[in-house]
Amino acid sequence: MTVAGTVVVGGGPAGLACAAALRANGRSSTVLERADNLASSWRRHYERLHLHTTKAHSALPGAPMPRNFPRYPSRLQVIDYLEAYARANDIRIQFGKSVIRISRSRSRDWIVETNDGDAIEAETVVIATGLSNVPIRPVWKGQESFKGKLLHSYEFSNAGALSANRVLVVGFGNSAGEIALECVEAGLEVCMSVRGPVNIVPLELLGVPTATIAIAQRHFPYSLVDAVNAPLLHLRYRDMERLGLQKSANGPLTNIAEKNRTPLIDIGTMAQIRAGAIRIYPRIDWSNARHVHFADGRSADFDTIILATGFRPSLETLLPDFAERFQGADRPKRGALQPGNDGLYFCGFNTTSTGLLRQIGIEAISIARSIAQR
Ligand SMILES: Cc1cc2nc3c(=O)[nH]c(=O)nc-3n(C[C@H](O)[C@H](O)[C@H](O)COP(=O)(O)OP(=O)(O)OC[C@H]3O[C@@H](n4cnc5c(N)ncnc54)[C@H](O)[C@@H]3O)c2cc1C
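Residues numbered from 1 in each chain as written. Predicted model: local features only at pLDDT ≥ 70, side-chain atom pairs only at ≥ 80, totals over all residues. Heavy atoms only, no water.

Caption draft 1: Quick look at the site of the ligand. In the vicinity of the ligand lie 31 residues, with Glu33, Ser41, His52, Thr53 and Leu357 positioned nearest. Interatomic distance of 3.2 Å between a backbone N/O atom of proline 13 and an oxygen atom of the ligand. Take glutamate 33: an N or O atom from its side chain is 2.6 Å from an oxygen atom of the ligand. Coverage of the ligand by the protein amounts to 90% of the 980 Å² it exposes when considered alone. (Near = heavy atom within 4 Å. Polar contact = N/O pair within 3.5 Å; in protein donor to acceptor, adjacent residues only side chain to side chain. Areas by Shrake-Rupley, 256 points an atom, 1.4 Å probe, with all protein chains shown as cover.)

Caption draft 2: The arrangement of the sheet that holds strand E15 (residues 278–281) in detail. One open sheet accounts for five strands, arranged E8-E19-E9-E10-E15; its pairing is parallel. In the strand order of this sheet, the two ends are held by strand E8 (149–152) and E15, each with one partner. Strand-to-strand twist in this sheet, taken as the mean axis angle between neighbours without regard to direction, amounts to 20°. Packing of helix H4 (residues 174–185) onto the sheet brings it into contact with strand E9 (166–170), strand E10 (189–193), E15 and strand E19 (304–307), and relative to E10 it is tilted by some 165°. (Pairing = 2+ DSSP bridges. Helix = DSSP H or I, 4+ residues; strand = E, 2+ residues; numbered from the N terminus. Axes fitted to C-alpha atoms, helices over the stretch in contact; angles between N-to-C directions. Contact = heavy atoms within 4.5 Å.)

Caption draft 3: Geometry of the packing of aromatic side chains. All told, the structure shown has seven aromatic pairs when counted by the stated rule. When the centroid spacing of 4.1 Å and the interplanar angle of 10° are considered together, the rings of tyrosine 281 and phenylalanine 294 count as stacked. Here phenylalanine 294 lies in strand E17 (residues 291–294) and tyrosine 281 lies in strand E15, a separation of 13 residues in the sequence. Taking relative accessible area as the criterion, tyrosine 281 reaches 5% and is therefore assigned buried. The exposure class of phenylalanine 294 is buried, given its relative accessible area of 2%. In this structure an aromatic cluster arises from ring pairing among Phe322, Phe326, Phe346 and Phe349. The cationic tip of lysine 141 hangs over the ring face of tryptophan 286; the distance from NZ or CZ to the ring centre is 5.9 Å. (Phe/Tyr/Trp six-rings, centres within 6.5 Å; stacked < 30°, edge-to-face > 60°. Buried < 20%, exposed > 50% of the residue type's maximum accessible area, 1.4 Å probe, protein only. Lys NZ or Arg CZ within 6 Å of the ring centre and 35° of its normal.)

Caption draft 4: Inspection of the domain arrangement of the protein chain at higher detail. Domain annotation for the protein chain reports domain 1 (2–133 + 313–372) and domain 2 (136–311). Computed from C-alpha atoms alone, the centre-to-centre distance between domain 1 and domain 2 is 28 Å. Counting from both sides, the interface comprises 22 residues of domain 1 and, opposite them, 28 residues of domain 2. Of all residues in domain 1, Tyr46, Arg48 and His52 bury the most surface against domain 2, accounting for 34% of the area lost on that side. On inspection of domain 1 and its partner domain 2, the count reaches three salt bridges. Between arginine 48 and glutamate 178 there is a salt bridge whose closest N-O contact spans 3.5 Å. Its residues placed into classes, the side of domain 1 that touches domain 2 shows four nonpolar, 11 polar and seven charged. (Domains from an automatic or database assignment. Buried area = accessible area lost by both parts, 1.4 Å probe. Salt bridge = Lys/Arg side-chain N within 4 Å of Asp/Glu carboxyl O. Nonpolar A, V, L, I, M, F, W, Y, C, P; charged D, E, K, R; others polar.)

Caption draft 5: Structural detail: the sheet that holds E17. Strand order in the open sheet formed by three strands is E16-E17-E18, with antiparallel pairing between adjacent strands. Each of the sheet's edge strands pairs with one partner strand only, and the pair in question is strand E16 (284–288) and strand E18 (299–301). Going from strand to strand, the sheet's axes swing by 20° on average, the running direction of each strand aside. Bridging between E16 and E17 involves four bridges; their strand directions are antiparallel. Considered in E17, the bridge of asparagine 288 is made with histidine 291.

What follows is the structure, given as structure tokens:
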């Protein structure tokens, strides 16, 4: 067993930000990453992905994104930025180290065990394994008999690679919206299956990025901000119901704060729905071979179904005391960075309208200060 001051689990933006912030506070850390390179989630994402938050509000602490990056950097630029960030902060990551268990030692330190049989004893541990750890795959009757290609959004790279004509995108989050848009632009026949009520916000309002507006409004109560923004959003998306979408009874900020549910940031998907290039269906009821039956009785044939149905943090696999620690929730309480006040920290688990990268930076600084003061 080796001994370390702080172990950071995960070499994504949150792990890097925490390691850099610890270093800025004079503390070293051991960063463990299960993949073979840093920012592995960004390497896996679909090719056309660009940030929905501006570069000014997506940088990690102490290192603005380069001037030559566009307002909304591409996935590859994010990877370049994170690699440069790790180099500049001298962050040395141990790759191929998948943490399988984090538990208390007899001396009230933490034991971090990895899949290769190693263990590290540490005074403090930062879990930075991300909200998008394990894909959520809904199951419906007859799914196993589907004769086309069935994949999750994390397995989608680009529309060309699908070799399909008729595509069904399941879900209405940001991956769903962007993948549907890409498939339309590639000339495919695209439908979306949307199971429940949704929130939609534009990428920009009068030229101002929505996330930037959310940052300006962040000190006001979320229900008040939702009420103030509602007429503008209504003006923009008042035809939602006519297009087959159910409008959520709650505003977008309320759904983020109370249900961790983020709105669709509309980068052009709604225009394609209005133009009839993307057809909306409700929840899938059952399927048989290529034929998919929806909850409203309609049905259609598809070559490919893409499950853009999100991810879950999967913290239960790491923490033996998960159930009592989070009391039925899948993550720490909103805002709690060290819920047990016991040296176990969590970075990157607070969904927010102001952008998760920005939030990660704020949390990393706060976690590093807390560790330095212990
Ligand atoms: C498609 C998509 C687009 C997004 N766009 C934006 C945006 O525009 N703006 C914004 O602010 N945010 C955005 N986000 C949200 C968020 O900023 C990113 O998900 C970001 O990568 C989160 O960083 P993270 O370090 O918390 O998690 P991740 O990037 O997922 O990194 C976690 C790391 O932990 C590793 N890991 C997991 N489990 C273990 C284990 N047991 N042992 C060791 N290592 C482990 C993983 O391999 C991974 O490298 C987006 C998210 C997604 C999914």
